[in-house]
Amino acid sequence: MIDVISMILIGLGIFFFASGVIGLLRFPDFYTRLHAAGKSDSLGSVLVVAGFALYNLQPFTLENCLVSIKILFIALFIFIASPTACHAITQTAMALGIEPWRKGDKRR
Amino acid sequence: MKDFMLVGAIAILLLMFAALYRMIGGPTIFDRIVSSNMIGTKTTALLLFIGVLFDNLSMFVDIAIAYTLLNFITTLAAAKYFLRRRPVLSVDAIATDQKKEEKK
């Protein structure tokens, strides 16, 4: 049962990773690429990490609980750090004066 | 379950190669930074997959934590560095500069 739930979580995470990579490859502009990469990447990685925390809990011992808590700390840190990193990159790009893509512009 | 983990690890590896394409061919320096951040996030997940495949998750979790911290600091450092020093190879920044000069 726990196996199935963790497999579903990991599969959903890989799906979000894949959609983020497709967005990174196909969107026309740096800001739109960042929009695809930042959100789907943080959600996908949190899902994968939560799936592993659930999978590791299988023989329910104290040691496994400790490792699962560590894995959940990774999830918490990614949830804070990934949007912060995206914000920092966007702020740098805006400060350097890169203009956002508008409809009708060419791909760059 | 091991088979599923192996398939997932290979899928994440292929996605990392796809992101590497944007890292090599990205027109601006920020595309490269975003792409490297993405590859680092995927590496965290890949380390957990490797830990399950080697039956040694408790060791690989520590490596994954260290890698997450390093990835975050690397991205912030790159963003901060290019804020102080304008990137030479940034095509868009050069193009917008030319536009501003034309307006003057």
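Keep in mind the model is a prediction, meaning the values are calculated, not measured.

Engineer: Honestly, the overall build of chain B in this entry has me stumped. Any pointers?
Structural biologist: Helix and strand counts for chain B stand at 4 helices and 0 strands. Taken from N to C terminus, the helices and strands of chain B fall in the order α-α-α-α. Counting only residues that meet the buried cut, chain B has 38% of its 104 residues in that class. Counting contacts in chain B only where the partners sit at least 6 residues apart, residues at least 24 apart contribute 56% of the total.

Engineer: Is there a simple way to think about the interface of chain B and chain A in this case?
Structural biologist: A common way to express how large an interface is: the accessible area buried when the components associate. Each partner contributes to the interface: chain B provides 41 residues, whereas chain A provides 40 residues. Broken down by secondary-structure element, the contributors of at least two residues to the side of chain B that touches chain A are helix H1 (2-25), helix H2 (29-53), helix H3 (57-84) and helix H4 (91-103) of chain B. Taken together, the residues that form the side of chain B that touches chain A break down as 26 nonpolar, 10 polar and 5 charged.

Engineer: Would you take a moment to explain H2 of chain B for this structure?
Structural biologist: Counting along an α-helix, one turn takes 3.6 residues, and residues three or four places apart therefore face a common direction. All names here are of chain B. With 25 residues, H2 should cover 36 Å at 1.5 Å per step; its first-to-last C-alpha distance of 36 Å lies within 8% of that length. Across the 25 residues of H2, 19 count as buried, placing the element largely inside the fold. Two residues or fewer past H2, Asp55 is found with a positive phi of approximately 55°.

Engineer: Honestly, the packing of helix H2 (residues 30-55) of chain A against helix H3 (residues 62-95) of chain A in this entry has me stumped. Any pointers?
Structural biologist: Packed helices, taken two at a time, are described by the angle their axes make and the gap between the axes. Residue and element names in this part refer to chain A. Orientation of H2 relative to H3, taken along the N-to-C sense of each, is 175°, at an axis distance of 8 Å. Judged by the inter-axis angle, H2 sits roughly antiparallel to H3. Of the residues that constitute the contact of H2 with H3, the class distribution is 17 nonpolar, 6 polar and 1 charged.

Engineer: Could you clarify how one ought to interpret the packing of H3 of chain A against H3 of chain B in this entry?
Structural biologist: Here H3 of chain A crosses H3 of chain B at 10°, and the two axes come no closer than 9 Å. Of the possible angle classes, the one that applies to H3 of chain A and H3 of chain B is roughly parallel. Two packed elements cross with a definite hand, and for H3 of chain A against H3 of chain B that hand is left-handed. In terms of residue class, the contact of H3 of chain A with H3 of chain B is made up of 20 nonpolar, 4 polar and 1 charged.

Engineer: Is there a simple way to explain the nonpolar core in this structure?
Structural biologist: Generally speaking, a soluble globular protein has its nonpolar side chains buried in company with each other. Among the nonpolar cores identified, the biggest contains 53 residues, and Val49 and Ile89 of chain A together with Ile12 and Leu48 of chain B are the most heavily contacted of them. Elements supplying a minimum of two residues to this core: helix H1 (2-26), H2 and H3 of chain A together with H1, H2 and H3 of chain B. With 13 residues, the top contributor of residues to this core is H2 of chain A.

Engineer: Before we go on, may I ask you to explain H3 of chain B in this structure?
Structural biologist: The terminal C-alpha atoms of H3 of chain B, which comprises 28 residues, lie 41 Å apart, in line with the 40 Å expected from a rise of 1.5 Å per residue. Leu57, Phe60, Val61, Ala64, Thr68, Asn71, Phe72, Thr75, Ala78, Ala79 and Phe82 of chain B are the residues of H3 of chain B that are buried. Its buried side turned inward, H3 of chain B meets H3 of chain A together with H2 of chain B.

Reading guide: rules and limits
Every chain is numbered on its own, with residues counted from 1 as its sequence reads. Following the order in which they are written, the chains are lettered starting with A and the ligands numbered starting with 1. Per-residue local features are limited, in this predicted model, to residues with pLDDT of at least 70; the limit for side-chain atom pairs, both in listing and counting, is 80 or more; totals at the level of whole chains, interfaces and linings are taken over all residues. Helical segments are the DSSP runs of H or I of at least four residues, strand segments are the runs of E of at least two, and each set is numbered from the N terminus. Any residue surrounded by 20 or more other C-beta atoms within 10 Å of its C-beta is treated as buried, while 12 or fewer makes it exposed and the intermediate range makes it partly exposed; C-beta atoms here are placed from the backbone. Contacts are defined on C-beta atoms placed from the backbone: any two residues whose C-beta positions lie within 7 Å are in contact. Throughout this entry, Asp, Glu, Lys and Arg are counted as charged residues, while Ala, Val, Leu, Ile, Met, Phe, Trp, Tyr, Cys and Pro are counted as nonpolar. The remaining residues, Gly among them, count as polar. By this rule the span expected of a helix is its residue count minus one, scaled by 1.5 Å. The convention used is that axes are lines fitted to C-alpha atoms, helices contributing only their stretch in contact, and that angles between N-to-C directions extend from 0 to 180 degrees. In these notes the angle categories are as follows: under 35 degrees is roughly parallel, over 145 is roughly antiparallel, 65 to 115 is roughly perpendicular, and the rest is oblique. Note: crossing handedness is left-handed where the near helix turns anticlockwise from the far helix by less than a right angle, and right-handed where it turns clockwise. Core membership is restricted to buried Ala, Val, Leu, Ile, Met, Phe, Trp, Tyr and Cys residues, and these are joined into a nonpolar core through C-beta atoms within 7 Å.

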